[in-house]
Amino acid sequence: MACGPGAEFCFPSPALQSVCAVCSSVGWAEAEARDPRGPCPAPPRPHPRLGAPTPPPRLAACARRADKWLVRHVRSVGLRGSSTCLGASPFSAFLTVRAPPMEEEQTYLELYLDQCVAQDDLAPSRSLLLSPVVPDDAYMSNPSHPETVFNSHLEEVKETSGHFSSVDLSFLPDELTQENKDQSIIRSKHEIEENYKTQSQQSRLSLSREQDIGLGLISNSSLSNSHSHLYPGDADSVQPSLEKPNSMPLVSITPMTPMTPVSECSGIVPQLQNIVSTVNLACKLDLKKIALHAKNAEYNPKRFAAVIMRIREPRTTALIFSSGKMVCTGAKSEEQSRLAARKYARVVQKLGFPARFLDFKIQNMVGSCDVRFAIRLEGLVLTHQQFSSYEPELFPGLIYRMVKPRIVLLIFVSGKVVLTGAKERSEIYEAFENIYPILKGFKKA
Amino acid sequence: MAYQLYRNTTLGNSLQESLDELIQSQQITPQLAFQVLLQFDKAINSALVQRVRNRVNFRGSLNTYRFCDNVWTFVLNDAEFREVTELIKVDKVNIVACDGINTGSNTTE
């Protein structure tokens, strides 16, 4: 299930390219093997960037794994107004995950993107998009990444079509290989200039929720129209493929605040390692009775005034207090944490207590990832001393307290990064995207 | 006071049954039987500490565990009890464990 039929933009995402490079699973390898040009093959010409009329079959294997990710991403982030890496990065970040271990990972992506949409709706900054595209020059001089190149194109598109929505198409994949990038940049610039006046007022990008595009495609008429202006040759073939059976109502898309150039998008997604949550069972509990009758419970009131209970699926530990409050730790995702807390509540309920499930709240999320290069912590602490604390004699990692989002990162010389203090998954992702360019600046040798 | 842990063993149960018979036949009073059991607790605990030297290793997969009143209760599945001389395999074993004399809670609370 690569690009769904009728999807007008069937091009692989830049993230897919990077994913393919990184990922080593068989499915990816298949796609890799099929394309001589590189990990993520570009769709066949006429125009690789916009609206290949048919989905590139070669991407099927890659897309199959990532399509769900892409569907979600496209649905919301895709056409958001983020004109920078920040918009593209979550997408690429998500896609570089080797393979979503669970289905719920995809819904997390979706949730994250939903939040991005909400943020965008709240803070439209269309002017950012219409402002002189400073990054363009940067992109022109730095066509080393497909996403960079494509984002530059998208910047231009945004400019011209900015009136209809500050659509950030930077997430859209650009499968162009090196030699084609320059040509595309030049070509698109020309076309955008000449088509600027002819841009229609199409403004809303309707994103299909269940788009089976798998490649970061957007099913929306305005986008296709805008692109068709740019590439008249493809317009006809693209236009008919707009209607999607499951297209959602038009989403108001506003740009996210551009903070970092696209060229610094990391292809890395932090993996959640631990979630701590609390819930109120809303009834007084007899801990001794619970400890005596429940399986896998410890209760040593002399040491700690709570029953420590564990379950195997999801593998978690709960601290159950006599007040009825409970802490659940060890889950790897928000949904698992909630499910585990419910299981504990059911255990307590079966022992005869009138347990309820009030005020479930995730208190802390911990994620970790690897930037895959060594880091000069000394340099980092010198330049970011108001945020960092590095005492190698106390602890080998640098403790970076990021202000926005309020996340604490433990950065190690090996390049491993631990992020903690998040209440939302998006905060972890955002913090990592913020720190990644900084860390790249302190790469060793 | 010694643990009454060993009353529910082959030896302890035999003693209890014998005492019950004697009580039934009015040869001893229940109070005396109670004192006999207390003495049994002391004797068995000290005997295990002083007179037992061999060592048995066991392993199995943990089904459940419990810790309450300083008593650990484990249920192991597919356990193997290994002594130098022999090996015993069981499908399910219930282990009840109390603090030892020297390994009891020495930490001040």
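The structure presented is a predicted model; accordingly, all values stated were derived computationally and were not measured.

## Re the overall build of chain B
Line of reasoning, step 1. Assigned secondary structure in chain B consists of two helices and three strands.
Line of reasoning, step 2. Going from the N terminus to the C terminus, chain B shows its helices and strands as α-α-β-β-β.
Line of reasoning, step 3. Taking all 109 residues of chain B together, the buried fraction comes to 21%.
Line of reasoning, step 4. Summarising the internal contacts of chain B: among those between residues at least 6 apart in sequence, 36% fall at separations of at least 24.
Line of reasoning, step 5. With an accessible surface of roughly 8,200 Å², chain B has 52% of that area assigned to carbon and sulfur atoms.

## Section: the interface of chain A and chain B
Line of reasoning, step 1. With 15 residues of chain A in contact, the opposing surface of chain B contributes 12 residues.
Line of reasoning, step 2. Carbon and sulfur atoms make up 43% of the surface buried where chain A meets chain B, a total of about 1,200 Å² over both sides.
Line of reasoning, step 3. Salt-bridge contacts for B:D69 lead to A:K288; the nearest nitrogen and oxygen are separated by 3.5 Å.
Line of reasoning, step 4. Where chain A packs against chain B, one counts 11 residue pairs in polar contact (both at pLDDT 80 or more).
Line of reasoning, step 5. Within the side of chain A that touches chain B, the residues separate by chemical class into six nonpolar, three polar and six charged.

## Remarks on helix 13 (residues 334-350) of chain A
Counting along an α-helix, one turn takes 3.6 residues, and residues three or four places apart therefore face a common direction.
All names here are of chain A.
Line of reasoning, step 1. Between its first and last C-alpha, helix 13 extends 24 Å over 17 residues, near the 24 Å set by a 1.5 Å rise per residue.
Line of reasoning, step 2. Those residues of helix 13 lying buried are E334, Q336, S337, A340, A341, Y344, A345 and V348.
Line of reasoning, step 3. Of the residues flanking the end of helix 13, it is G352, one or two places downstream, whose phi is positive at about 110°.

## Concerning unusual backbone geometry
Residues and elements named next belong to chain A.
Line of reasoning, step 1. The step from E313 to P314 runs through a cis peptide bond, and the omega angle for that step is -5°.
Line of reasoning, step 2. Positive phi outside glycine occurs at N296, with the angle close to 55°.
Line of reasoning, step 3. Secondary-structure assignment places N296 in the loop between helix 12 (287-293) and strand 2 (297-299).
Line of reasoning, step 4. Residue N296 is classed as buried on the basis of its relative accessible area of 11%.

## Some thoughts on the pattern of salt bridges
Line of reasoning, step 1. A complete count under the given rule lists eight salt bridges over all chains for this structure.
Line of reasoning, step 2. A:R310 is paired through a salt bridge with A:E298; the nearest N and O atoms lie 2.6 Å apart. Remark: A:E298 occurs in strand 2 and A:R310 occurs in strand 3 (residues 306-311); sequence separation between them is 12 residues.
Line of reasoning, step 3. Note on A:R310: relative accessible area 34%, which makes it partly exposed.
Line of reasoning, step 4. For B:E80, the salt bridge goes to B:K89, with nearest N and O atoms at 3.6 Å.
Line of reasoning, step 5. Note on B:K89: relative accessible area 59%, which makes it exposed.
Line of reasoning, step 6. Each of the salt bridges in this network shares a partner with another, and the network as a whole consists of B:E80, B:R82 and B:K89.

## Notes on the side chain of B:D41
Residues and elements named next belong to chain B.
Line of reasoning, step 1. Within the secondary structure, D41 sits in helix 2 (residues 30-50).
Line of reasoning, step 2. Accessibility expressed as a relative area gives 2% for D41, which makes it buried.
Line of reasoning, step 3. Not counting chain neighbours up to four residues away, the residues in contact with D41 comprise A2, Y3, Q4 and R7.

## Topic: the packing of aromatic side chains
Line of reasoning, step 1. The tally for this structure, following the rule as stated, stands at 10 aromatic pairs over all chains.
Line of reasoning, step 2. With a centroid separation of 4.6 Å and an interplanar angle of 35°, the aromatic rings of B:F67 and B:W72 are classed as tilted.
Line of reasoning, step 3. One aromatic cluster in this structure is built from B:Y65, B:F67, B:W72 and B:F74.
Line of reasoning, step 4. One Lys or Arg, A:K289, reaches over the ring of A:F353 and ends 5.1 Å from the middle of that ring.
Line of reasoning, step 5. Here A:R342 stacks its cationic end above the ring of A:F357, 4.3 Å away from the centre of that ring.

## Regarding the nonpolar core
Residue and element names in this part refer to chain A.
Line of reasoning, step 1. Core analysis: the largest hydrophobic core is formed by 58 residues, its most contacted members being L285, I290, V307, L409, I411, L419 and L439.
Line of reasoning, step 2. For this core, the element with the most residues is helix 15 (residues 425-441), which contributes six residues.
Line of reasoning, step 3. When we break this core down by domain, the ones giving at least three residues each are domain 1 (277-362) and domain 2 (371-444).
Line of reasoning, step 4. Apart from the residues lying within four places of it in its own chain, the contact partners of V307 are L287, I290, A291, A297, E298, Y299, A318, L319 and I320.

## So, the confidence of the model for chain A
Residue and element names in this part refer to chain A.
Line of reasoning, step 1. For chain A, the mean per-residue pLDDT works out to 67, and 41% of the residues sit at or above 70.
Line of reasoning, step 2. Across residues 35-44 the pLDDT falls below 50, and counting only partners more than four positions away or on other chains, this stretch makes 41 contacts in the model.
Line of reasoning, step 3. Low pLDDT, under 50, characterises residues 59-64; the predicted model gives this stretch 22 contacts beyond four residues in sequence or across chains.

## Remarks on the environment of A:P437
Line of reasoning, step 1. Tracing the chain through its elements places A:P437 in helix 15.
Line of reasoning, step 2. For A:P437 and A:S266, which are 171 residues apart along the polypeptide, the C-alpha to C-alpha distance reads 8.0 Å.

## Description of the pairing of strand 2 (residues 71-82) of chain B
Put simply, side chains in a regular strand alternate between the two faces of the sheet.
Residue and element names in this part refer to chain B.
Line of reasoning, step 1. Across 10 bridges, strand 1 (residues 57-68) lies against strand 2 in antiparallel orientation. Residue pairing in the sheet places L62 in a bridge with L76 of strand 2.
Line of reasoning, step 2. The antiparallel pairing of strand 1 with strand 2 creates a hairpin that spans two residues between the two strands, and D69 there sits at a positive phi of about 55°.
Line of reasoning, step 3. Pairing geometry for strand 2 and strand 3 (residues 87-98), over 11 bridges, is antiparallel.

## Some thoughts on helix 1 (residues 10-24) of chain B
Line of reasoning, step 1. Along its 15 residues, helix 1 of chain B runs 21 Å from first to last C-alpha, staying within 8% of the 21 Å computed at 1.5 Å per residue.
Line of reasoning, step 2. Downstream of helix 1 of chain B by one or two residues, B:Q26 has phi in the positive range, about 60°.

## Re the packing of helix 1 of chain B against helix 2 of chain B
Residues and elements named next belong to chain B.
Line of reasoning, step 1. As a packed pair, helix 1 and helix 2 sit with axes 10 Å apart at the nearest point and diverge in direction by 165°. When the axis of helix 1 is compared with that of helix 2, the two are roughly antiparallel. Seen along the crossing, helix 1 lies across helix 2 with a hand that is right-handed. Residues L11, G12, L15, Q16, L19 and I23 of helix 1 touch helix 2, and the partners they reach there are P30, A33, V36, L37, F40 and I44.
Line of reasoning, step 2. Residue classes in the contact of helix 1 with helix 2 are distributed as 10 nonpolar, two polar and no charged.

Parameters at a glance
Residues numbered from 1 in each chain as written. Chains lettered and ligands numbered in written order. Predicted model: local features only at pLDDT ≥ 70, side-chain atom pairs only at ≥ 80, totals over all residues. Heavy atoms only, no water. Helix = DSSP H or I, 4+ residues; strand = E, 2+ residues; numbered from the N terminus. Buried < 20%, exposed > 50% of the residue type's maximum accessible area, 1.4 Å probe, protein only. Contact = heavy atoms within 4.5 Å. Areas by Shrake-Rupley, 256 points an atom, 1.4 Å probe, with all protein chains shown as cover. Buried area = accessible area lost by both parts, 1.4 Å probe. Salt bridge = Lys/Arg side-chain N within 4 Å of Asp/Glu carboxyl O. Polar contact = N/O pair within 3.5 Å; in protein donor to acceptor, adjacent residues only side chain to side chain. Nonpolar A, V, L, I, M, F, W, Y, C, P; charged D, E, K, R; others polar. Expected span 1.5 Å × (residues − 1). Phe/Tyr/Trp six-rings, centres within 6.5 Å; stacked < 30°, edge-to-face > 60°. Lys NZ or Arg CZ within 6 Å of the ring centre and 35° of its normal. Core = buried A, V, L, I, M, F, W, Y, C linked by side-chain atoms within 4.5 Å. Domains from an automatic or database assignment. pLDDT = per-residue confidence, 0-100. Pairing = 2+ DSSP bridges. Axes fitted to C-alpha atoms, helices over the stretch in contact; angles between N-to-C directions. Parallel < 35°, antiparallel > 145°, perpendicular 65-115°, else oblique. Left-handed = near helix turned anticlockwise from the far one by under 90°.

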